[in-house]
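# Close look at the chain arrangement
The chain contents come next:
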Amino acid sequence: MIRVLHVYKYFGPKRFGGVEAFIENLVESTKPKCLHIILACGPVKSTTVIRHMGSIVVLVRPQFTAFSMPVALAMIPIFWFLSRRVDVVHYHYPFPFQDILSFFAKTSLPKLVTYHSDIIRQRFTGYLYRPLMQLFLNITLKNSQKFSLKIILQANSRSQYLELVMANIMILKLLWI
């Protein structure tokens, strides 16, 4: 059974959107072959572990939120611990704090990135985030040569940020019917 660690900014009953639905569908469709662990911020008073649709969800209370991004420093040791007990880490983009988290992952660990959207509403923030994103992608590419980094995009989508590293990664187009 493959152990997959999903990292995303929010998960829980009061916050539900397209990315959360994507993660749930992925968990449901691969349940017999994969054990899914979801690490995210949530509406909890302290770090909480729950079962949801056959997956293990670790919810961490954020210290603060800036530009729609929760920051939970408690995620760092939890991510470090969990990333050493899984077979692959699945990052759900964009979430700048997970770029920082990724520096604490085991370097030989295969990584998968699902690029859900460019940062659109906070355009200024997108420009500030771009160097961190490039650093994450470049380091991930360098450390994933053996496994090759996979980035999943929705069909017919383009990203001005990913165009800088397109030649070095394998893009898997995700088709929605």
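Counting buried positions over the six residues of strand β7 (residues 88-93) gives six, a clear majority of the element. A two-sided burial pattern is seen for β7, the buried positions comprising Val88, His90 and His92 on one face and Val89, Tyr91 and Tyr93 on the other. Pairing of strand β1 (residues 2-10) with β7, which is carried by four bridges, proceeds in the parallel orientation. Residue pairing in the sheet places His6 in a bridge with His90 of β7. In terms of strand pairing, β7 meets strand β8 (residues 111-115) through five bridges, oriented parallel. The residue bridging His92 from the neighbouring strand is Thr114, located in β8. Following the chain from β7 across helix α3 (residues 96-102) to the adjacent parallel β8, one finds a crossover that is right-handed.

Since the α-helix packs 3.6 residues into each turn, any two residues three or four apart lie on the same face. Taking 1.5 Å of rise per residue, the 13 residues of helix α1 (residues 18-30) would be expected to cover 18 Å, and the 18 Å separating its terminal C-alpha atoms lies within 8% of that figure. Residues of α1 that are buried include every one of Val19, Glu20, Phe22, Ile23, Glu24 and Val27, and no others.

Moving on to the pairing of strand β4 (residues 55-60). Most of β4 is tucked away: five of the six residues are buried. The sheet contact formed by strand β2 (residues 34-41) and β4 spans five bridges and is parallel. Paired with Leu39 across the two strands is Val58, which belongs to β4. In this structure, strand β3 (residues 48-52) lies alongside β4, joined through five bridges in antiparallel fashion. Directly across from Arg51, in β4, lies its bridge partner Ile56. Where β3 folds back on β4, the antiparallel hairpin that results is connected by two residues, among which Met53 adopts a positive phi of roughly 55°.

What follows is about a nonpolar patch on the surface. The grouping of Trp80, Phe81, Ile100, Phe103, Phe104 and Leu135 at the surface amounts to a nonpolar patch, some 540 Å² of accessible area in total. Examined against the element boundaries, Leu135 turns out to sit in helix α4 (residues 123-143).

In this section: the nonpolar core. Leu5, Leu39, Met75, Phe79, Val89, Tyr91 and Tyr93 are the most contacted members of the largest nonpolar core, which totals 30 residues. Discounting chain neighbours no more than four positions away, the residues touching Phe79 are Leu5, Val7, Leu39, Val89, Tyr91, Leu101, Ser102, Phe104 and Ala105. Formed by eleven residues, the second largest nonpolar core is a distinct cluster that contains Phe11, Val19, Ile23 and Leu59.

Counted by the stated rule, this structure contains two salt bridges. Of the charged contacts, one joins Arg3 and Asp87 as a salt bridge, the two residues approaching to 2.9 Å between their closest N and O atoms. Of this pair, Arg3 sits in strand β1 while Asp87 sits in the loop between α2 (75-83) and β7, and the two are 84 residues apart along the sequence. With a relative accessible area of 34%, Arg3 lands in the partly exposed category. Here Lys31 ties to Glu28 by a salt bridge, and the two come within 3.3 Å at their closest N and O atoms. Lys31 sits in the partly exposed class, given a relative accessible area of 33%. Among the residues examined, Glu28 registers a relative accessible area of 40% and is labelled partly exposed.

Rules and cut-offs
- Residues numbered from 1 in each chain as written.
- Predicted model: local features only at pLDDT ≥ 70, side-chain atom pairs only at ≥ 80, totals over all residues.
- Heavy atoms only, no water.
- Buried < 20%, exposed > 50% of the residue type's maximum accessible area, 1.4 Å probe, protein only.
- Helix = DSSP H or I, 4+ residues; strand = E, 2+ residues; numbered from the N terminus.
- Pairing = 2+ DSSP bridges.
- Right-handed = clockwise from strand over helix to strand, strands pointing away.
- Expected span 1.5 Å × (residues − 1).
- Patch = residues over 30% accessible without salt bridge, like charges linked within 9 Å, V, L, I, M, F, W, Y side chains within 5 Å.
- Areas by Shrake-Rupley, 256 points an atom, 1.4 Å probe, with all protein chains shown as cover.
- Salt bridge = Lys/Arg side-chain N within 4 Å of Asp/Glu carboxyl O.
- Core = buried A, V, L, I, M, F, W, Y, C linked by side-chain atoms within 4.5 Å.
- Contact = heavy atoms within 4.5 Å.

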